[in-house]
Amino acid sequence: MRVWRAVNLVNGLTYGYGGLKLIRRSAQREMGEAVDVLAALPGRIEFDQETAGITRFNQSPFHAWKAGFRECAMLSRGSEYGMADDDAHKRVEAWTLSRSGEFAAYAAAGAREGVTFARQTARDRQQFDHLNNPTWLRERFTAAHGDQAVSG
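Bear in mind that the values here come from a model prediction, so they are computed numbers and not experimental data.

What about unusual backbone geometry?
- Unusually for a residue other than glycine, F103 sits at a positive phi of about 65°.
- Here F103 is to be found in the loop between α4 (85–96) and α5 (104–120).
- Note on F103: relative accessible area 24%, which makes it partly exposed.

Structure follows, in structure tokens:
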């Protein structure tokens, strides 16, 4: 797989989150249902330093929250593809301080809640795998923030 970076207008980061990913079809078939696509793919991952675009994940309160929650849960749990702990910590910090762009407060809340979730489920893979369950994510968001989500 090859990954080109994307600009995140909510937290100011530019890295693989929301970036362009080029994946062999055969590798994608082997992946199965994964929480972290990068960690689940077989073979080597190449990170390109060029920026391919802007990630626009913040189309609703729910989408912004879900992005922060999932990304920071995965970053907090530990990188499975060689990211230094200090880099992961800096990214989590940027997500939790999200202040720019529409629904940035929800991205920041999701980031903080994702860190807590990762700590609580550190040794429970079955619980952590809820990150792949859209129904579970929507229910968690609604329980914490009310039903402000737009369909999607």
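Focus: the packing of aromatic side chains
- As enumerated under the stated definition, the model contains 13 aromatic pairs in all.
- Here Y17 and W95 contribute two aromatic rings whose centre-to-centre distance is 5.2 Å and whose plane-to-plane angle is 85°, an arrangement assigned as edge-to-face. A residue pair is termed long-range when its members are at least 10 positions apart, and Y17 in strand β2 (residues 14–22) and W95 in helix α4 qualify at 78 residues.
- Here the aromatic residues F62, W65, F69, F103, Y106, F117, F128, W136 and F141 are joined through ring pairs into a cluster of three or more.
- Cation over ring: R77 sits above F128, and NZ or CZ is 4.1 Å from the ring centre.
- Seen from the ring of F62, R138 lies directly overhead, with NZ or CZ sitting 4.3 Å from the centre.

Cut-offs applied
- Residues numbered from 1 in each chain as written.
- Predicted model: local features only at pLDDT ≥ 70, side-chain atom pairs only at ≥ 80, totals over all residues.
- Heavy atoms only, no water.
- Helix = DSSP H or I, 4+ residues; strand = E, 2+ residues; numbered from the N terminus.
- Buried < 20%, exposed > 50% of the residue type's maximum accessible area, 1.4 Å probe, protein only.
- Phe/Tyr/Trp six-rings, centres within 6.5 Å; stacked < 30°, edge-to-face > 60°.
- Lys NZ or Arg CZ within 6 Å of the ring centre and 35° of its normal.

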